[in-house]
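# Analysis of the macromolecular model
Below are the chains, spelled out letter by letter.
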Amino acid sequence: MATAKIKNPSIWRSRLGWSITLIVFLTILVVQSSFSFVTLTMFEEDRKADMREFALSSVIPMLDTTRTRVLSDASAERILNRTRITGISIYDTNGVLLRNFGQLAIISPNDVENTGDAFLSKDRQQYEMLFYPVEIGVPNILAVRVDSSALLSDLEEFIILRVMISVLLSIFVTHVLMLAIGNWLVSPLLLLRRKLQAAAKDPENLELGEDEGGYRGHAEIAAVIDSADELIGQNARNIKQTRESAESQIHKLAYYDSLTELPNRTYFVEQLKKRSASDDEKHFAVIAIDLDHFRDINDTVGQHVGDIILRSVAKRLLASIPSDAVLARSGEDEFAVMVPFMTGEENPAGELAEDLAREIRNKPFKALDEEFQIRSSVGIACYPDDAADPDQV
């Protein structure tokens, strides 16, 4: 079979191609979104760690371990005015509040079980954290409140960036995958569908294996398409052979006698008309042969014997006529012969008619181990001397 051929861009013009594209795109987008959610949580935790480091770096330099008050009023005011820290609460190691500067932190050493060591407000505007003596180098616990309003905008920017990256990456990966899937799978399927649809519309077309482009994908897929081409071609050949056989059978039934396999009256008359219409110089004679008393044979010994005799008469007559003559069975026990000749030639019909009558008369016909002597009556008509119309002849 011919190599399968295909139009590559057809994937983008098919519902199957777009369905696969949408599924692949949404799948990649969901995976990217899940990954972005994980990275968003990590990003928020990193920003919290940055704020904790910021708070430590802002407070520790202002602490004085040599004094009872580890943080003076002036130092606290400087921190509150110059940084994003909005509140500092000082506790002793027993959780007793000693002093507070700025906004009072919600978090405290006495409520660690509920709030933990760090607390972010629901509106993400304030972030509070506890610092223990080990971290700050003083025998106190500090609760520091930091303005975290920038965290919300940072998260929004991060989300927008991740969404853009996810969408663009999904589009890119989807496009690459669809080019591969389209060339390897979808386009061959569309080609196969187109071939089957064409075969359904024109099942006798043997050229359906030829297409407008070249498919050079995987050998397995190409083999499937070639197998489909072979099946389509085989089906076309079978249908064509069946149709030709049926047409031949119809033609035979319409123009030939099933018993003797000779042309019938319809075919014989058509040949007379063709001969009369072909050339004014072409003449013909018709010899009519009627088997005498043939019905008596059918009535006395049976029709099956009469059929055997008719077949034998047909064979004997066919062997006795010239190659350009036409022999037909024109009736139940009648035969006709068309003998062509040209203007100026001697009409051979008279001599041939005598030969045919003699051929029937001189030698008996055998049927079921019995011999039957057959006689015939012969008549001759010539065109155009006796009639100008073939039917009248």
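Residues numbered from 1 in each chain as written. Predicted model: local features only at pLDDT ≥ 70, side-chain atom pairs only at ≥ 80, totals over all residues. Heavy atoms only, no water.

### Section: the nonpolar core
A general feature of soluble globular proteins is that nonpolar side chains tend to end up buried together. Quick note on the threshold: Residue types Ala, Val, Leu, Ile, Met, Phe, Trp, Tyr and Cys, when buried and joined through side-chain atoms within 4.5 Å, form a set referred to as a nonpolar core. Relative accessibility decides the category of a residue: with a 1.4 Å probe and only protein chains considered, values under 20% of the type maximum give buried, values over 50% give exposed, and everything between is partly exposed. Note on conventions: DSSP H or I runs of at least 4 residues are helices, E runs of at least 2 residues are strands, and numbering of each starts at the N terminus.
Ile309, Phe335 and Val337 are the most contacted members of the largest nonpolar core, which totals 31 residues. Secondary structure elements with two or more residues in this core: strand 6 (282-291), helix 8 (294-301), helix 9 (303-318), strand 8 (334-342), helix 10 (349-362) and strand 9 (365-367). Of all the elements, helix 9 adds the most residues to this core, at six residues.

### A closer look at helix 8
Put simply, the test is: Arc definition: it is the arc formed by the directions from the helix axis to the C-beta atoms. In what follows, a contact means two residues having at least one pair of non-hydrogen atoms within 4.5 Å.
By the burial criterion, the buried members of helix 8 are Phe294, Ile297 and Asn298. When helix 8 is viewed along its axis, its buried side chains cluster within an angular range of 95° and face the same direction. Exposed and facing more than 90 degrees away from the buried side of helix 8 are Arg295, Asp299 and Thr300. Of the surrounding elements, those touching the buried residues of helix 8 are strand 6 and helix 9. At the exit of helix 8 stands glycine 302, carrying a positive phi of roughly 110°.

### Brief notes about the packing of aromatic side chains
We count it as follows: Centres within 6.5 Å make a pair out of two Phe, Tyr or Trp rings, where for Trp the six-membered ring is used; the pair is then stacked when the planes are under 30 degrees apart, edge-to-face when over 60, and tilted otherwise. Our definition puts a charge over a ring when NZ of Lys or CZ of Arg is within 6 Å of the ring centre and also within 35 degrees of the ring normal.
Per the stated rule, a full pass over the model turns up four aromatic pairs. A centroid spacing of 4.5 Å and a plane angle of 5° characterise the contact between phenylalanine 43 and phenylalanine 158, whose relative ring orientation is stacked. With phenylalanine 43 in helix 1 (residues 15-59) and phenylalanine 158 in helix 5 (residues 149-201), this pair connects stretches of sequence that are 115 residues apart. Considering the side-chain rings of phenylalanine 284 and tyrosine 383, the 4.9 Å spacing of their centres and the 10° angle between planes classify their relative orientation as stacked. On the criterion of sequence distance, the pair formed by phenylalanine 284 in strand 6 and tyrosine 383 in strand 11 (residues 376-383) is long-range, its members being 99 residues apart. For the pair formed by phenylalanine 284 and tyrosine 383, the shared burial category is buried. Taken together, the ring pairs connect Tyr255, Tyr256 and Tyr267 into an aromatic cluster. If you follow arginine 84 out to its NZ or CZ, it ends over the ring of phenylalanine 54, 4.7 Å from the centre.

Everything listed is a geometric property; what it means functionally is a separate question.
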